[in-house]
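The chain contents come next:
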Amino acid sequence: MLLESDSARVEVDLAHGGRISSLCIHGMDLIVGSADDVLDWGCYPMAPWAGRIRQGRFEHAGQVHQLPLSQPPHAIHGTVYQQAWQADGESSASVGLGPDWPFAGRAVQRFILEEDSLRLRLEIHSERDPFPASLGWHPWFRRRLSRGGPAELSFAPGSMYERGEDLIPTGRKVAVPVGPWDDCFVDLASAPEIRWPGALRLRLLSDLTHWVVYDEPEHAICIEPMTGPPDALNLQPQEVTPDRPLIAEFELQWASDHGKKSG
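Residues numbered from 1 in each chain as written. Predicted model: local features only at pLDDT ≥ 70, side-chain atom pairs only at ≥ 80, totals over all residues. Heavy atoms only, no water.

(A) Expanded view of the environment of His219. With respect to the helices and strands, the residue His219 is situated in the loop between β22 (210–214) and β23 (220–226). Assessed through its relative accessible area of 46%, His219 is described here as partly exposed. Residues His219 and Val64, 155 residues apart in the sequence, show an inter-C-alpha distance of 39 Å. In this view, His219 contacts Val32, Trp140, Phe141, Arg142 and Arg143; residues no more than four positions away in its chain are not counted. (Helix = DSSP H or I, 4+ residues; strand = E, 2+ residues; numbered from the N terminus. Buried < 20%, exposed > 50% of the residue type's maximum accessible area, 1.4 Å probe, protein only. Contact = heavy atoms within 4.5 Å.)

What follows is the structure, given as structure tokens:
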């Protein structure tokens, strides 16, 4: 799937998880391209859960469900990032939640490209029974573009979920430490922004209140809006019913940066 405007070109790889494989703005590609691990590239949707699920287990309506341990000892990032999506038009796509998810349902994505922004919408629908869910996006932004300085992250959260030794939030909120991070944050003072000095500014807007930042890699920064923290199916599940889908939006706004290069 291809979307184009005067300033931007967006490629969506439906065969590999319905992910954005390229976001090229003014000739600069912001997204990490293909990698050996399916988790490590593009901007992919996370559904019907986002982040890790402790030991792949969750309980719903008195029944314990076991998910495949896609990142042992946990399940991670849902089922749809591993599946082939079906185009529903020039700017939308959908996919079933798959056999690894114990409830009948589907995910729907919509892409709206404007001159200075890309708006994403993700929906989770139940086809029969109510089920718990969470969702989000996992973008891999390049630290360096084809021009300009290295990426600078502006991010001002009020608190962070404490992370246990098993990498799963304990449920307790704590003060924000100095990075690097692989953590979930809330109570942001302003929208996250990445600046590549002398090249581009990218502002990230969402109606979601939880943000995971993974900035340990040397080549990329991941800034992930989510409906809840990792392990949300146990900590903060949201119920999806046939007449009440779970819906969220994520907008990437860009502008040229004419400041002094920092590298």
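Read on, since the account is not over.
(B) Structural view of the nonpolar core. Counting residues in hydrophobic clusters, the biggest one holds 62 residues, and the most contacted among them are Ile20, Leu23, Trp101, Ile124, Trp196, Leu200 and Trp254. The greatest single-element share of this core, amounting to five residues, is contributed by strand β25 (residues 246–256). The residues touching Ile20, leaving out its near neighbours within four places in the chain, are Val10, Glu11, Val12, Ile31, Gly42, Cys43, Phe111, Leu118 and Leu120. Judged by nonpolar contacts, the second largest core, of 16 residues, contains Val32, Ala50, Ile76 and Tyr81. (Core = buried A, V, L, I, M, F, W, Y, C linked by side-chain atoms within 4.5 Å.)

(C) Main features of the pattern of salt bridges. All told, the structure shown has 16 salt bridges when counted by the stated rule. A salt bridge links Asp231 to Arg54; the shortest N-O distance between them is 3.3 Å. Separated by 177 residues along the polypeptide, Asp231 in the loop between β23 and α1 (232–235) and Arg54 in the loop between β6 (52–53) and β7 (57–60) bring together distant segments of the chain. Taking relative accessible area as the criterion, Arg54 reaches 30% and is therefore assigned partly exposed. Across the pair Arg121 and Glu123 runs a salt bridge whose closest N-O atoms are separated by 2.7 Å. For Glu123, a relative accessible area of 5% puts it in the buried group. The network of salt bridges with shared partners includes Glu152, Glu193, Arg195, Arg201 and Asp257. (Salt bridge = Lys/Arg side-chain N within 4 Å of Asp/Glu carboxyl O.)

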